[in-house]
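Fold and geometry: a report
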Amino acid sequence: MSEEPAVYRCRVVAEDADALRAFIAETGPDLGCRAVARGSRAGGVELDLYFPEGRLDRARGSRAASLVDITEVENVTENWRARREEVGSGDRFAARDAVPHGLGRKE
């Protein structure tokens, strides 16, 4: 089984909304569930975008990359793998007097 490339959450800051839109249109990132641009502390607007590893490299080399500042925030794939390890394999409701804990599986 081949592993899929890591996905990174990146904070992208642009001088204005038009520059941010141009970058998004050229690179085609995953915008996530809540794609709401917000004011940046440094001025301008910022948005969290998600890029697979290879696409992040291409996004940094794109023409519109000069309009934005891209900062890697986290490797969401690594976090997902760590969380997946927390899930047990047994039935947490097997014993009637046991108090459930941890992540469960819906059946």
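Residues numbered from 1 in each chain as written. Predicted model: local features only at pLDDT ≥ 70, side-chain atom pairs only at ≥ 80, totals over all residues. Heavy atoms only, no water.

Things to note about the nonpolar core
- Ranked by internal contacts, the top residues of the largest apolar core, which has 18 residues, are Val12, Phe23, Phe51 and Ile70.
- Residue assignment for this core shows that the elements contributing at least two residues are strand 1 (7-14), helix 1 (17-27), strand 3 (45-52), helix 2 (53-60) and strand 4 (68-75).
- Contact partners of Val12, with chain neighbours within four places excluded, come to Leu20, Phe23, Val45, Glu46, Leu47, Leu49, Val68, Asp69 and Ile70. (Core = buried A, V, L, I, M, F, W, Y, C linked by side-chain atoms within 4.5 Å. Buried < 20%, exposed > 50% of the residue type's maximum accessible area, 1.4 Å probe, protein only. Helix = DSSP H or I, 4+ residues; strand = E, 2+ residues; numbered from the N terminus. Contact = heavy atoms within 4.5 Å.)

Concerning the sheet that holds strand 1
- The four strands are arranged 2-3-1-4 in an open sheet whose pairing can be described as antiparallel. Two strands bound the open sheet, and with one partner strand each, they are strand 2 (38-39) and strand 4.
- The pairing of strand 1 with strand 4 spans seven bridges and is antiparallel. Bridge assignment links Val13 to a residue of strand 4, and that residue is Asp69.
- Packing of helix 1 onto the sheet brings it into contact with strand 1, strand 3 and strand 4, and relative to strand 3 it is tilted by some 10°. (Pairing = 2+ DSSP bridges. Axes fitted to C-alpha atoms, helices over the stretch in contact; angles between N-to-C directions.)

Details of the packing of aromatic side chains
- According to the stated counting rule, one finds one aromatic pair in the structure shown.
- Measuring from ring centre to ring centre gives 6.2 Å for Phe23 and Phe51, while their planes differ by 65°; the resulting arrangement is edge-to-face. Taken together, the positions of Phe23 in helix 1 and Phe51 in strand 3 put the pair 28 residues apart, joining distant regions of the chain. (Phe/Tyr/Trp six-rings, centres within 6.5 Å; stacked < 30°, edge-to-face > 60°.)

Digging into the side chain of Asn75
- Mapped onto the secondary structure, Asn75 falls in strand 4.
- Within polar-contact distance, the side chain of Asn75 engages the backbone nitrogen of Glu78 at 3.0 Å.
- Setting aside residues no more than four positions away along its own chain, Asn75 makes contact with Ala6, Val7 and Tyr8. (Polar contact = N/O pair within 3.5 Å; in protein donor to acceptor, adjacent residues only side chain to side chain.)

Observations regarding the pattern of salt bridges
- Enumeration according to the criterion identifies nine salt bridges in this entry.
- In this structure, Arg21 and Asp18 form a salt bridge, with 2.8 Å as the shortest nitrogen-oxygen distance. Pair noted here: Arg21 and Asp18 are both in helix 1, with a separation of three residues, about one helical turn. The residues Arg21 and Asp18 share a single accessibility class, namely exposed.
- Note that Arg38 is salt-bridged to Asp48, the shortest N-O span being 3.3 Å. Of the two residues, Arg38 sits in strand 2 while Asp48 sits in strand 3, which places them 10 residues apart along the sequence.
- Accessibility expressed as a relative area gives 33% for Arg38, which makes it partly exposed. (Salt bridge = Lys/Arg side-chain N within 4 Å of Asp/Glu carboxyl O.)

Digging into the environment of Ala22
- Structurally, the position occupied by Ala22 is in helix 1.
- Considered as a pair, Ala22 and Leu67 are 45 residues apart in the sequence and their alpha carbons are 8.5 Å apart.
- Sequence-distant contacts of Ala22, that is, excluding residues within four places in its chain, are made with Ala64 and Leu67.

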